[in-house]
Structures are given as C-alpha cells and as structure tokens.
Amino acid sequence: MASLSSTPSMEEEKEGSVSVQQSNPQSQHIAASSSTMDLPSNPSWFTPKRLLFIFCVVNMINYLDRGTIASNGVNGKKRTCDDKGICKSGSGIQGDFDLTNFQDGLLSSAFMVGLLVSSPVFASLAKSHNPFRLIGVGLSVFTLATAGCGAAPSFWFIAICRMLVGVGEASFISLAAPFIDDNAPISQKTAWLAVFYMCIPTGIAFGYVYGGLVGEHLNWRYAFWGEALLMFPFAVFGFVVKPLQLKGFSSVESKKASTPMETVSAVTDDLDASKVKGPILVGGDGISADELNKTSKSLDIHNFLNRLSQFGNDMKVLLVDKVYVVNVLGYVAYTFVLGAYGYWGPKAGYNIYHMKSADMLFGGITVVCGIFGTIAGGFILDHMSATINHAFILLSGATFLGAISCFSAFCLRNLYGFLVLFAVGELLLFAAQAPVNFVCLHCVEPSLRPLAMAMSTVSIHIFGDVPSSPLFGVVQDHINNWRTTTLMLTSIFVLAAGFWFIGIFLPSVDKCTDENETQVSPNPMVDMKTLPDGNGDKGPAEVQDSNFRPPC
C-alpha cells in the first residue's frame, strides 16, 4: 500500500510533464534537436555497390549522348559538289540542316551552355534541397530534352534542346561523385571513382557505335528517342525512392520540419512585444495572416540573399586554394584536347587514314582504352596511397607520356602503327580521370565538394571542350590539313602535364579527412555528454559518436 501511495497517477504524470515543458521551453527545443541530430538511416534499397552501379549506368547514358551526336551516322556530312558539278546529298544532322563545319562544331557545344549555367545552381541548391531529388529533376530534364532533339524541325530548335540536355546533366555531374566518395570503402575510394569515370570514354565510344548503327539503318532521330527511353526509368527512380543524404550536409527534411516552428515562434515574440493586433488570428497565437505573409516574404528574400552571400564566400575559398586552381587549370587543358578528339576523331581518322568504319574503329579503341586506362589510374593511385601529392605525380607523368605517344601516332603514315601508338596514348591519358577528380574532392572541405565539382565542370567546359570543337573546325577550314590540325591540338596535352607537375610542389592537405576529425557540429546537442533519462535509447557514447562524420 505504501508503494502504491508513493507512485504518481498517470494524470499527475501528464500534468507534471506539461508543467515542466511550459516552465522550461528550452527543453522542448533540445528534445526536438535530439530527434533531428541523428544521421538519416539508409533507405532499404541502398547498398554502396548498388548505388555505384546505378550511377555508372546513368553516367554512361549521359556520355552515350556525346558519342551519339559526334558519330558519322547521326552527325552525318554536308552536301558536296565536285568540279564537274556532280553533287552528293548530305546525311545526318549536318546534311538535313545544311550546316558548315563551324555550325556543326557549335551544335556539339550547345548543350554545354545549359550545363555551365546550371551546375553552380544545383550545387548551391544542395544545401537547402535533398541532392538525390535534385538528381531526379536533372534526369527528367535530360529525358525531355533528348526526345526534343529527335523531333527537332530546324537547327535552332535542336540547338535549344541541346542546351536543355546540359541542364539535365548538370545536377548529376556535380552531385554524383560526392555520393560515391561518401560510400566507397576507404581503401578503394579512387578505384570507385575510376569505375564511375570509366563510363565517360565507354559511353562516348558506345555512342559512336550506337549512333552509327541507328543512323545507318533507321534515322538519326531514332538515336535520340532511344536515349530518352533509356534515361526515363532513372528519372523516375530519383523521385520514388527514399533519398540519401550527403555527408557534410544536415538533413534537409529536419530543416524543413523545424524551420516553420522556429519562424512562428519568432514572429509571435515580435508581435507580442509590439502588441500588434490583426483582424484574423492564426492558431490563436495572436499572429495576423497579413503579418505572417509579410514575414514569410521577408524571410524568403533574406534566405535568398544569404544563399547568394554564402555562394560568394564559397567561391572565394575555392579561388584562393592553389591546389584546387592548379588542378583545374590542368584539367581545362586536358579536356580541351579530349573534347575535340571526341567530336572530330572519327572524321580526322577517315580523312587522314581513309578508315572505312571510323566510328567503329575509334569507338572500339576508346572503349578498351577507356575501361582499362581509367580503372588502372584509380587502382594505381590507391596502391601508391591515395594522397593529393601522389595524384599530381600520376597526373603529370601519365599525361606527358600519353601526349608523346598520341603525337607520334599522328606523325605516322601507316595505319597500323597509328592504331598501336594511339591506343597506348589513350591508355595513359585516361589514367588521369580518377586522380584529377580525387584531387577536386579532397582538397576542399566536405561542404564545398558539390560546388568544387560543379565549378570544375564549368571551367573544363567553358575553357575546354566548349571552344575546342568549333575552334578545331575553324582551323581546319583555314589550313585544310587534318594531320597538321590534329598535331597542333595534341601538343596542348603537354600544357596540362605542366600544370599538374606544378601541383607536385604545392603544400597539400586532405581537407576532407581533416575536417571530419576536427570540425564541431553546429547542432546544439554537440556539447551534451549525456541525455536525460527517458529521452531516447542513446547513451553518452552514442551521443558523442553521432557528432562524428565518417571519413570522406
């Protein structure tokens, strides 16, 4: 009986709990914080290898589009006439729209415009919207845009659709690599990046073959419609599955859940202090609908200005990072050559060596060399111990040797000698794909990784393969010698190797790992060593562990 009398009733417990919460409103905030501080659990569909596979397929479809539009079957050739007045009809996009070489090269670069504009936007939105959902948005735009390319009635229509293809790619390019780096085993991070970036040459090469076959047997328009069908399931996937979170970013859902409560509380305090009364009350808190709308609008403007200011600050951090800048400069020169190779390679091979099936031959070489070269670069760097300094050593050495091999190949008159040296050169050059992106990811803090990847992408395109294709066309139109034009282009690889050689001597720190070891979370629960009884199942050790982010 004594024990019964000393035990409070359920009603008394509830009243006591309510009184404690009312008397100490900060406890409510702490309790809410404890529910949002935990890292989100992985979705049931998720495994790291499954995620890598999905991203690899999507990346391959992205670059399949690059090879498709560059293939002779889709790109085609313009109408030509000989001295006797006998004309041969054109084929493909160039023939149907009667394009010059400059217009043809411009069309290949049009999709870059959308990519360049959208990449920084998606990287900035990743701080306020779930990155996985942003990828879904991008892939949906890609699907619609490629379908529009197939239905294009004119040059300008397909040019606009190509720009939208770039918008679709932007979200995936800037956000996929950080997801892979987050989930890869620590000892195989560069190897996983290598597998992902292996899909670039492989996708382009399959695009050559795919575009050539479809363009020859059906019509170039069907090639783009096929791309749209291939991407559609992944666009849907980005919206229907439970999304993942990037490390270095707090849960977007938690932010959305807590922001309205905090906003209403702040507005209530302000209105009570100024004794504002309105004709319409919301929730009995004394907030007028008009005041709430005005406050909401002012908060939206304030948030936009904050994001703009944060973007500017983040850009300053990237621009003063010597390691990042040198790495991107080398990447720009490297991509300048590869971009022109990818677009003009089949035509150059056809005109210099009179290849009968230039699409198939260049596609086959690029597939084999792209797969083995890219994967080899990743595994070699992991074997060397994946550090920024070792990455620069591998980048400069492989690129310089690859440049010599490719230059020597185009100097030869014999087709078979050219094929051997060119294959060796491509093996060495593709070994740079994983290390260069490893440096981009690890020379900056985790919260800057999406922006670092986005700005790297913007730079290599706006100064690299965007101008290289039309400039190659202009030079070729002027000197009318495919061998000389190609040798001039290939020599730029030496400049890329030079930039990366400078990077060897720069002091470098893996900031991704460094921040994970030293950064203090802004969550108010960080300073708490224990939780009150009944506030959850976590003990002190688990609370401390929740503040630690796994190594990048």
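What counts, and at which threshold
Residues numbered from 1 in each chain as written. Predicted model: local features only at pLDDT ≥ 70, side-chain atom pairs only at ≥ 80, totals over all residues. Heavy atoms only, no water. Helix = DSSP H or I, 4+ residues; strand = E, 2+ residues; numbered from the N terminus. Buried < 20%, exposed > 50% of the residue type's maximum accessible area, 1.4 Å probe, protein only. Contact = heavy atoms within 4.5 Å. Areas by Shrake-Rupley, 256 points an atom, 1.4 Å probe, with all protein chains shown as cover. Phe/Tyr/Trp six-rings, centres within 6.5 Å; stacked < 30°, edge-to-face > 60°. UniProt positions renumbered as here; feature names shortened; annotations may be inferred. Expected span 1.5 Å × (residues − 1). Arc of directions from axis to C-beta. Polar contact = N/O pair within 3.5 Å; in protein donor to acceptor, adjacent residues only side chain to side chain.

Caption draft 1: Molecular detail of the overall build of the protein. Within the protein, the regular secondary structure consists of 23 helices and two strands. Counting only residues that meet the buried cut, the protein has 48% of its 552 residues in that class. Taking all contacts inside the protein whose residues are at least 6 apart in sequence as the whole, residues at least 24 apart take part in 80%. Here the protein displays about 26200 Å² of accessible surface, and carbon together with sulfur accounts for 65% of that area.

Caption draft 2: Focus on unusual backbone geometry. Non-glycine residue S385 carries a positive phi angle of around 85 degrees. For N480, which is not glycine, the phi torsion reads 55 degrees and is therefore positive. Structurally, N480 can be placed in the loop between α19 (449-479) and α20 (482-490). Accessibility expressed as a relative area gives 63% for N480, which makes it exposed.

Caption draft 3: Representation of the packing of aromatic side chains. Using the criterion set out here, one finds 22 aromatic pairs in the structure. Centroid distance Y341 to F422: 5.9 Å. Interplanar angle 55 degrees. Geometry classified as tilted. Highlighted residues: Y341 in helix α14 (residues 322-353) and F422 in helix α17 (residues 415-430), separated in sequence by 81 residues. Measuring from centroid to centroid gives 5.3 Å for F418 and F422, while their planes differ by 20 degrees, and the two rings are stacked. Placement of both F418 and F422 in helix α17 is noted, with a separation of four residues, approximately one turn of the helix. Like F422, F418 is buried.

Caption draft 4: Quick peek at the environment of G349. Relative to the assigned elements, G349 resides in helix α14. With relative accessibility at 2%, the residue G349 sits in the buried group. For the pair G349 and W482, spaced 133 residues apart in the sequence, the C-alpha separation amounts to 8.7 Å. When neighbours within four sequence positions are excluded, G349 is seen to be in contact with H354, M355 and F362.

Caption draft 5: View of the side chain of S456. By the secondary structure assignment, S456 is in helix α19. A relative accessible area of 1% places S456 in the buried class. Residues in contact with S456, not counting those within four places in the same chain, are Y324, V328, Y331 and C440.

Caption draft 6: Representation of the UniProt feature "transmembrane region" (unreviewed entry) in the protein in the model. The sites that UniProt annotates as "transmembrane region" (unreviewed entry) are residues 106-125, 191-210, 222-241, 323-344, 360-380, 392-410, 416-439 and 487-506. Taken end to end, residues 392-410 has its terminal C-alpha atoms 27 Å apart, with 100% of it in helix and 0% in strand.

Caption draft 7: Just α17, in detail. Here α17 is 16 residues long and its end C-alpha atoms lie 22 Å apart, about the 22 Å a rise of 1.5 Å per residue gives. All of the buried residues in α17 are F418, L419, F422, G425, E426, L429 and F430. Projected down its long axis, α17 shows its buried positions confined to an angular sector of 135 degrees, all on one face. With respect to the buried face of α17, the exposed residues turned more than 90 degrees away are Y416 and V420. For α17, the N-terminal capping position is held by N414, with its side-chain oxygen 2.9 Å away from the main-chain nitrogen of Y416.

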